[in-house]
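Descriptive analysis of the structure
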Amino acid sequence: MKIVVAVTGASGAIYAKRLIDQLHQQKVDLSIVASTNARQIMQEECGVDLNKCPGTLFDDKKFVAPFLSGSNIFDAMVVVPCSMGTLGRIAHGISDSVITRGADVFLKEKRKLILVPRETPMHLIHFENMAKLAQAGADIIPAMPSFYSKPASIEELVDTVLARILDHLKLNGIEQRRWKP
Ligand SMILES: Cc1cc2nc3c(=O)[nH]c(=O)nc-3n(C[C@H](O)[C@H](O)[C@H](O)COP(=O)(O)O)c2cc1C
């Protein structure tokens, strides 16, 4: 599988870090792109330098990445965590960076685009932008962990969201306790 992981400057860099590690373990052909803010937040929240992560790293400001053209076939793009700024730009077709152009390509080619927004509280414009993107075909998987599996660590809590992302990518990998009545 060829997957793009785009990281933006919302809080929750650990979601991106664990997804990247998980996809790498599963031998996915992995492209990574991070905004300038994302690099800083990844460093601050996780102490991780994205340059040292597995996968091929692309610069958000340089328009050089294979997935920027619909003629190159990719399976999915995940924007995680997705800031409201990036989400708004994607919703309005403002393709001014590798991340926003990439998302635009996945939408126009009807390929899987998963957005993992993280913000609280939200206002009307956030909701309208998410509604627009859902109508255009994006999967919105908010970074809202669940608790019914009784997560015992931050990693286990984060993995409750990761498991849902992997479900939408049709991949396994995280032992998740599925809710049963
Ligand atoms: C410490 C910090 C935490 C932030 N957390 C969030 C967040 O959780 N959600 C969000 O939408 N924006 C958040 N922001 C704001 C974004 O970083 C900001 O809107 C930025 O312009 C997004 O740019 P990008 O989407 O290109 O990374 C945060 C900013 C800082 C400095």
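You'll find the structure just up there.
Residues numbered from 1 in each chain as written. Predicted model: local features only at pLDDT ≥ 70, side-chain atom pairs only at ≥ 80, totals over all residues.

**Points about the site of the ligand**
Of all residues adjacent to the ligand, which total 14 residues, the nearest are Gly-9, Ala-10, Ser-35, Ser-83 and Thr-86. Taken together, the elements giving at least two residues each to the shell around the ligand come down to helix 2 (36–46) and helix 3 (84–91). Among the residues forming the shell around the ligand, the class breakdown is 4 nonpolar, 8 polar and 2 charged. (Near = placed C-beta within 6 Å. Helix = DSSP H or I, 4+ residues; strand = E, 2+ residues; numbered from the N terminus. Nonpolar A, V, L, I, M, F, W, Y, C, P; charged D, E, K, R; others polar.)

**Regarding the pairing of strand 2 (residues 29–34)**
Strand residues, when the strand is regular, have side chains that alternate between the two faces of the sheet. The buried fraction of strand 2 is high, at 5 of 6 residues. Bridge analysis of strand 1 (residues 2–7) against strand 2 gives 6 bridges, and the strand direction is parallel. Across the sheet, residue Val-4 finds its bridge partner in strand 2, namely Ser-31. Where the polypeptide runs from strand 1 across helix 1 (residues 13–25) and back to strand 2, its parallel neighbour, the crossover connection is right-handed. Sheet topology note: the strand 2/strand 3 (residues 56–59) ladder contains 4 bridges and is parallel. Residue Ser-31 lies in a different strand from strand 3, and its bridge partner there is Thr-56. (Buried ≥ 20, exposed ≤ 12 C-beta atoms within 10 Å, placed from the backbone. Pairing = 2+ DSSP bridges. Right-handed = clockwise from strand over helix to strand, strands pointing away.)

**What about helix 5 (residues 124–136)?**
Since the α-helix packs 3.6 residues into each turn, any two residues three or four apart lie on the same face. For helix 5, with 13 residues, the first-to-last C-alpha span of 18 Å sits near the 18 Å given by 1.5 Å per residue. Buried within helix 5 are the following residues: Asn-129, Met-130 and Leu-133. Buried residues in helix 5, looked at end-on, bunch into an arc of 100°, giving them a common side. Every exposed residue of helix 5 that faces more than 90 degrees away from the buried side is listed here: Leu-124, Phe-127, Glu-128, Ala-131 and Gln-135. Buried positions along helix 5 lie against helix 3, strand 5 (112–117) and strand 6 (139–140). At the C-terminal side of helix 5, Gly-137 shows a positive phi close to 115°. (Expected span 1.5 Å × (residues − 1). Arc of directions from axis to C-beta. Contact = placed C-beta atoms within 7 Å.)

Shape is all these values report; function is a separate question.
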